[in-house]
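If you want the building blocks of each chain, they are given just below.
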Amino acid sequence: MAKFHNLFTFAVLFISTISVHVIAENFLFGQENGGSWEDGHATFYGDMGGGETMQGACGYGDLFQQGYGFETAALSTALFNKGQTCGACFEIMCVNDPQWCIPNAGTIRITATNFCPPNYDPHFYPWCNPPRKHFDLSMPMFTKLAPFKAGIIPVKYRRVPCAKRGGIKFEIKGNPHWITATPINVGGAGDVTALAPQSNPLLSLSEILAMVKFQVLFGLVVFITLSVQAMSRDWQHASATFYGDMQGGETMQGACGYGDLFQQGYGLETAALSTQLFNDGHSCGACFEIMCVNDPQWCKANAVIKVTATNFCPPNWVPAPDHWCNPPRKHFDLSMTMFTKLAESRAGIIPVQYRRIPCVRQGGIKFELKGNPYWTTVVVYNVAGNGIVNHVAIKGSNSGWIPMKRIWGEVWQTDVQLVGESLSFRVSAGEGDVLWLENVAPANWQFGQTYEGHGNFRT
């Protein structure tokens, strides 16, 4: 109870005093006006009125009210950096396209406010796919560089200092038990790397940080809660709903990057996790045992289910009663089939207890290869034991071990060219176990194919 009391006091003081330490990215570009020019591309989205550019993955909301207006862009994966580039400012000019570049158009300056997600469907344009450096501009900004019918243009860009009027602003949301803070109107480097509230003068900053933790949820939206997130296999309290239909509609694909859950062996025994449980995708693949409790009207007697985390249930900040996936709630959005094993569908939401359990899988760890000759992404699935993957390294027959970068969920990427080499993988599990899988894919492997390793973690 002491920790909950302290957190409540901390939250109230934070709202009342608004005393915050903000640490921005160091602006180390060597010149006051900006860094060196780099090559990229640009398209536009929305209309001349800014339609579709509002809100966005950085969490800013109404860009006109926040002072950003039309001078914004959504960044590709290579530039967005999992939201850490939110608020950064760029100078952009159209180059090397005399057909479309407006003569003497000069440059535009924009702020990063959104994310342009990758698209691996071969029938659509892959401009925002890694490792491309791409800006999806508002239509008014794009048409300063080229006519809208150009579609896509080559550009040069560079980071520049952000010029803002007034002080840094903080939009505060939440309730007495937790708060979120969105810093906006940040000058200089623009992007914020750390945010630390200071409330009670009797507490040092280190004591405050020991009491709470800060987790970046979407861009610059910071969630503050208790520092301990239990990862034990003891039973814990949560709630559960369902989404989709009895055939698994709407549960396929998802934020973990798995794709067709039937083909990959997960089927309907899946769940989307709330922010508190999803852990920015690091809980993808984890297995849970769940039972309905303390609701005799709806709970089915002695019913227990086992599910795998395959998706994310995003928070909803619009005022309404059904905010089950908002932090700090621990919530499971189950497939309808799994929910109805615990309760009738008309129950809507039920109280549950859950615990982490070892994952039981058939066969070896599987690796789905995507990308092109210049970069490779790997979807890692069918992981037994802990289920969670912490690190992945890849080795070609002509290379050493190359650490891969988590793009999201269980999608990992390397920019090293490995076409024509047989591939081996090193996988580190959530509890520190490491598995070396040699010669998983032959030298003639193909993009779009899945290869199975000759081993898996113990359950």
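Residues numbered from 1 in each chain as written. Predicted model: local features only at pLDDT ≥ 70, side-chain atom pairs only at ≥ 80, totals over all residues. Heavy atoms only, no water.

**Q** Any details on the overall build of the protein? Residues and values, ideally.
**A** When you go through the protein residue by residue, the secondary structure sums to 6 helices and 27 strands. A total of 459 residues make up the protein; the buried ones form 49% of that total. Surface summary for the protein: the accessible area is close to 21500 Å², and the carbon and sulfur share equals 53%. (Helix = DSSP H or I, 4+ residues; strand = E, 2+ residues; numbered from the N terminus. Buried < 20%, exposed > 50% of the residue type's maximum accessible area, 1.4 Å probe, protein only. Areas by Shrake-Rupley, 256 points an atom, 1.4 Å probe, with all protein chains shown as cover.)

**Q** Describe the state of the cysteines, naming the residues involved and giving the relevant values.
**A** With the rule as written, the count across this model stands at 8 disulfides. Each sulfur of the disulfide joining C58 and C86 lies 2.0 Å from the other. The chirality of the disulfide connecting C58 with C86 is left-handed, given an S-S dihedral of about -80°. With C58 in the loop between β2 (38-45) and β3 (72-75) and C86 in the loop between α2 (77-80) and β4 (89-94), the pair connects residues that are 28 residues apart, well separated along the chain. Classification of C58 by relative accessible area gives buried; the value is 0%. The disulfide that involves C256 links it to C284, with 2.0 Å between the sulfurs. Across the disulfide from C256 to C284, rotation about the S-S bond amounts to roughly -85°, and the bridge is consequently left-handed. Taken as a pair, C256 in the loop between β13 (236-243) and β14 (270-273) and C284 in the loop between α5 (275-278) and β15 (287-292) lie far apart in primary sequence, 28 residues in all. Owing to a relative accessible area of 0%, C256 belongs among the buried residues under this scheme. (Disulfide = S-S within 2.5 Å.)

**Q** Describe in detail the side chain of S274, supporting the description with residues and values.
**A** Inspection of the secondary structure assignment puts S274 in the loop between β14 and α5. By relative accessible area, which is 0% here, S274 ends up buried. Among the polar contacts listed, one links the side chain of S274 to the backbone nitrogen of H331, at a separation of 3.1 Å. (Polar contact = N/O pair within 3.5 Å; in protein donor to acceptor, adjacent residues only side chain to side chain.)

**Q** Can you tell me about the environment of P351, naming the residues and giving the values?
**A** Positionally, P351 belongs in strand β18 (residues 350-357). For P351, a relative accessible area of 28% corresponds to the partly exposed category. The spatial distance from the C-alpha of P351 to the C-alpha of H237 is 7.5 Å, given a sequence separation of 114 residues. Aside from chain neighbours lying at most four places away, what touches P351 is A238, S239, M291, C292, V293, N294 and D295. (Contact = heavy atoms within 4.5 Å.)

**Q** So what's going on with the side chain of E421? Which residues, and what values?
**A** Its location among the elements puts E421 in the loop between β24 (411-414) and β25 (423-429). Comment: no salt bridge for buried E421; closest opposite-charge side chain is K395, at 8.3 Å. Among the polar contacts made by the side chain of E421, one reaches the main-chain amide nitrogen of S397 at a distance of 3.2 Å. With near-sequence residues (within four places) excluded, E421 lies in contact with G396, S397, N398, S399, P442, A443 and W445. (Lys, Arg positive; Asp, Glu negative; His and termini not counted. Salt bridge = Lys/Arg side-chain N within 4 Å of Asp/Glu carboxyl O.)

**Q** Tell me about the nonpolar core, residues and numbers included.
**A** Looking at soluble globular proteins, one finds that nonpolar side chains tend to be buried together. Ranked by internal contacts, the top residues of the largest apolar core, which has 36 residues, are F288, I290, F332, L334 and I350. Broken down by element, this core gets its largest block of residues, 4 residues, from strand β16 (residues 304-312). Beyond its immediate sequence surroundings of up to four residues, L334 is in contact with A240, T241, F242, Y243, T270, A271, I290, I305, V307, F339 and L342. In this structure, C58, Y68, A73 and F135 belong to the second largest nonpolar core, which totals 30 residues. (Core = buried A, V, L, I, M, F, W, Y, C linked by side-chain atoms within 4.5 Å.)

**Q** If you had to explain the sheet that holds strand β21 (residues 389-396) to someone new, which residues and values would you point to?
**A** Judged by pairing direction, the sheet is antiparallel, and its 4 strands sit side by side in the order β22-β21-β25-β26 without closing on themselves. At either margin of the open sheet sits one strand with a lone partner, and together these are β22 (401-403) and β26 (434-441). Along the sheet, successive strands turn relative to each other by an average axial angle of 25°, direction set aside. For β21 and β22, the ladder comprises 3 bridges, and the chain directions are antiparallel. Within the sheet, the bridge partner assigned to K395 lies in β22 and is W401. (Pairing = 2+ DSSP bridges. Axes fitted to C-alpha atoms, helices over the stretch in contact; angles between N-to-C directions.)

**Q** Tell me about the pairing of β16, residues and numbers included.
**A** A large share of β16 lies buried, amounting to 7 of its 9 residues. With 4 bridges connecting them, β14 and β16 associate as parallel partners. By the bridge assignment, T270 is partnered in β16 with T308. Two elements, β15 and β16, share 5 bridges in a ladder whose sense is antiparallel. Each bridged residue has a counterpart across the sheet, and for I290 the counterpart in β16 is I305.

**Q** Describe empty space enclosed by the protein, listing the residues and the values that go with them.
**A** A full pass over the atoms with the stated rule returns 2 cavities of 30 Å³ or more. One number sums up the size of the second largest cavity: a volume of about 30 Å³. Here the lining of the second largest cavity is composed, by residue class, of 5 nonpolar, 3 polar and 2 charged. (1 Å grid on protein atoms, 1.4 Å probe; cavity = no way out; pocket = protein on both sides within 12 Å on 5 of 7 lines; lining within 4 Å. Points joined across faces, edges and corners; volume = space filled by probe spheres on them. Nonpolar A, V, L, I, M, F, W, Y, C, P; charged D, E, K, R; others polar.)

**Q** Account for the environment of V192, with residues named and values stated.
**A** With respect to the secondary-structure elements, V192 resides in strand β10 (residues 192-197). Separated by 107 residues in sequence, V192 and T85 have C-alpha atoms that sit 8.1 Å apart.

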